[in-house]
Amino acid sequence: MQSALLLKRQLAELKRSPVDGFSAGLVDDENIYKWEVLVMGPPDTLYEGGFFKAQLDFPKDYPQQPPKMKFISEIWHPNIHTDGNVCISILHDPGDDRYGYEKPEERWLPVHTVETILLSVISMLADPNFESPANVDAAKMQRENLPEFKKRVAACVRKSQEE
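Everything in this summary refers to the structure shown in the same document.

What counts, and at which threshold
- Residues numbered from 1 in each chain as written.
- Predicted model: local features only at pLDDT ≥ 70, side-chain atom pairs only at ≥ 80, totals over all residues.
- Heavy atoms only, no water.
- Helix = DSSP H or I, 4+ residues; strand = E, 2+ residues; numbered from the N terminus.
- Rg over C-alpha atoms; globule rule 2.2 N^0.38 Å.
- Areas by Shrake-Rupley, 256 points an atom, 1.4 Å probe, with all protein chains shown as cover.
- Pairing = 2+ DSSP bridges.
- Axes fitted to C-alpha atoms, helices over the stretch in contact; angles between N-to-C directions.
- Contact = heavy atoms within 4.5 Å.
- Polar contact = N/O pair within 3.5 Å; in protein donor to acceptor, adjacent residues only side chain to side chain.

### Regarding the overall build of the protein chain
Item 1. Scanning the protein chain for helices and strands turns up 4 helices and 4 strands.
Item 2. When its helices and strands are written in sequence order, the protein chain yields α-β-β-β-β-α-α-α.
Item 3. Taking 15 Å as the expected radius of gyration for a compact globule of 163 residues, we find that the protein chain reaches 16 Å, a close match to that expectation.
Item 4. Dimensions of the protein chain, computed from the C-alpha atoms along their principal axes, are close to 50 × 40 × 25 Å.
Item 5. Roughly 9200 Å² of accessible area belongs to the protein chain as shown, and the carbon and sulfur atoms make up 51% of that amount.

### Some remarks on the sheet that holds strand 3 (residues 51-57)
Item 1. If you walk across this open sheet you meet the 4 strands as 1-2-3-4, and the pairing is antiparallel. With one partner strand each, in any of the chains shown, strand 1 (22-26) and strand 4 (68-71) form the two edges of the open sheet. In this sheet, neighbouring strand axes are inclined to one another by 25 degrees on average, regardless of whether the strands run parallel or antiparallel.
Item 2. As defined by bridge partners, strand 3 adjoins strand 4 across 4 bridges and the pair is classed as antiparallel. Looking across to strand 4, one finds that Ala54 is bridged to Phe71.
Item 3. Packed on one face of the sheet, helix 1 (residues 2-16) meets strand 1 and strand 2 (34-40) and runs near 135 degrees to strand 1.

### A short note on the side chain of His112
Item 1. Considering the arrangement of structural elements, one finds His112 in the loop between strand 4 and helix 2 (114-126).
Item 2. Within the structure, His112 has its side chain in polar contact with the side chain of Thr116 (distance 3.2 Å).
Item 3. When neighbours within four sequence positions are excluded, His112 is seen to be in contact with Gln10, Tyr62, Ile90 and Arg107.

Just distances and angles here, no functional claims.
Dropping the structure here:
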C-alpha cells in the first residue's frame, strides 16, 4: 500500500533527522498505522517541562485523509477534548468546513507529514485557538480564571513528568 510506504519513509526521516519538541515511533513494529509520540511542552509556555504521550492513528488512505491524534497523558487545553482527542484544523477532513470556521487550505492537505502535524500541535499548545474550543471549560477557565487555569496545567505537567 502507498500509505504504508509513505509512513515508513516519514518514520525513517524522523529517526534520521529528529525534530526538537517531539519524538515518534511505532506502538507495535507490525503496525505502521499506529504511532506513539512524546510531545515536549514548548519552552516559555505553561506546558514547559511536560512530557505528554499521545497516539497517531493513520487511516489506510493516508495521506488523502488525516490521522487522528489523541493524548494519552492528561492535558488541560482549550483545543484538546477532555478524552485527549486533538482538535486542530490540519487534522480535520479536507474540503469545506460545514460550520464555516475554517478555510479549506487550513484543513488537512495531503502534503502534510507527521512532522508538520506535530509542529502544529506544539504551536497550538503555545497559542490556543479560542474561536472554536474543543474543551469549552478549559477555554472559559483560561479567559476568566487564569490563576486556576495555570494551576490545572501545572498539575498536568507534573503528572506527565512522573509517568
